[in-house]
Amino acid sequence: MYYGRSLALKRRLKAGETTFGAFISFQDPGSAEIMAGTGYDWVFIDMEHSPFDLKSLQHVLIAFNGRPTVPIVRVPWNDRIRIKQVLDLGAEGILVPMVCSVAEARAAVAATKYPPQGVRGFGPWRASDYYRQTDEYIRKANDGILVVVQIEHEDGVHQIEEILDVPGIDVVCLGPMDLSGTMGILGQLEHPRVVEAIQRVLAAAKKRALPVCVPMETSIETQLAWARKGANFVVTGEDHGLLRRAATAALAGYRKALS
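Described in the following lines is the structure provided in the data block. If you're wondering where the values come from, they're calculated on a predicted model, not measured in any experiment.

A word on the overall build of the protein chain
Moving on, step 1. When helices and strands are counted, the protein chain shows 12 helices and eight strands.
Moving on, step 2. Against the globule reference of 18 Å for 259 residues, the protein chain gives a C-alpha radius of gyration of 18 Å, in line with a compact fold.
Moving on, step 3. For the C-alpha atoms alone, the extent of the protein chain along its principal axes is close to 65 × 45 × 35 Å.
Moving on, step 4. Across the 259 residues in the protein chain, those meeting the buried criterion constitute 51%.
Moving on, step 5. Across the protein chain, contacts joining residues at least 24 apart in sequence account for 65% of those joining residues at least 6 apart.

Right under this line is the structure:
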């Protein structure tokens, strides 16, 4: 709970290692325990597109106790209040969606850090083991929290060099669907404008030795292709997609076997 696992992950990322994770959308702590115990390096918990509230988030974060997997929460928006609340509950990383400018990138980083490096208010009640480990938490929090910025608007692509020069960013996350939407070509991920924009982000991240994530449910072959281009923060799936595919395959297998 005191950032040993997140600091270890940061060291691996700086060494250029490929790491593997997944998304959690279900609010069930049992499902979260399965994901936390699978062996992922990290897991995104999605508050942006799933019906999480703070209470259900707390229950899911508890499922990561004693596991090496780092819980990273995608907050609904670049909101310093929500980021503070999520960190106080014990999240060890924050994924901030729709970062479109240098000012927004700086605000995202500042929201994760205590003064003087940032603007986070103090109250890490669960994160500090209910204030039993306050001093240790204060020593490690600013360095321990992973900051992931999601580039999913063409404005962010236009400013990508300046955005990624903001100190404190650990991972760059692409958002191809929303990016294509901001270009007026939603879902056309192979469109030359989308491909060029993604390549521009990948190149800027590579220049700064920053890992890149493409958070989409795709085939292994597609994710490997992304990884070869520099996206070595690899999403292997989402809980609902993993369940859907396993259930579909099981049903098909039984029907075939017993037909």
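This is not the end of the story, as more comes after the structure.
Regarding the environment of Ile 151
Moving on, step 1. Following the sequence through the fold, Ile 151 ends up in strand E5 (residues 146–151).
Moving on, step 2. Exposure remark for Ile 151: the relative accessible area of 0% places this residue in the buried category.
Moving on, step 3. Along the chain, Ile 151 and Met 98 lie 53 residues apart, while their C-alpha atoms are 5.8 Å from each other.
Moving on, step 4. If sequence neighbours within four positions are ignored, Ile 151 has contacts with Val 99, Gly 156, Val 157, Ile 160, Ile 163, Val 172, Cys 173, Leu 174, Gly 175 and Val 201.

Quick word on the packing of aromatic side chains
Here a ring pair, both rings aromatic, is described through the centre-centre distance and the interplanar angle of the planes.
Moving on, step 1. All told, the structure shown has eight aromatic pairs when counted by the stated rule.
Moving on, step 2. Between Phe 44 and Phe 233, the ring centres sit 6.1 Å apart and the planes meet at 50°, which makes this aromatic pair tilted. Highlighted residues: Phe 44 in strand E2 (residues 42–46) and Phe 233 in strand E8 (residues 233–238), separated in sequence by 189 residues.
Moving on, step 3. Owing to a relative accessible area of 0%, Phe 44 belongs among the buried residues under this scheme.
Moving on, step 4. Given the relative accessible area of 1%, Phe 233 is considered buried.
Moving on, step 5. Where Tyr 114 meets Tyr 137, the ring centres are 6.4 Å apart and the plane angle is 70°; that geometry is what we call edge-to-face.

The rules behind the values
Residues numbered from 1 in each chain as written. Predicted model: local features only at pLDDT ≥ 70, side-chain atom pairs only at ≥ 80, totals over all residues. Heavy atoms only, no water. Helix = DSSP H or I, 4+ residues; strand = E, 2+ residues; numbered from the N terminus. Rg over C-alpha atoms; globule rule 2.2 N^0.38 Å. Buried < 20%, exposed > 50% of the residue type's maximum accessible area, 1.4 Å probe, protein only. Contact = heavy atoms within 4.5 Å. Phe/Tyr/Trp six-rings, centres within 6.5 Å; stacked < 30°, edge-to-face > 60°.

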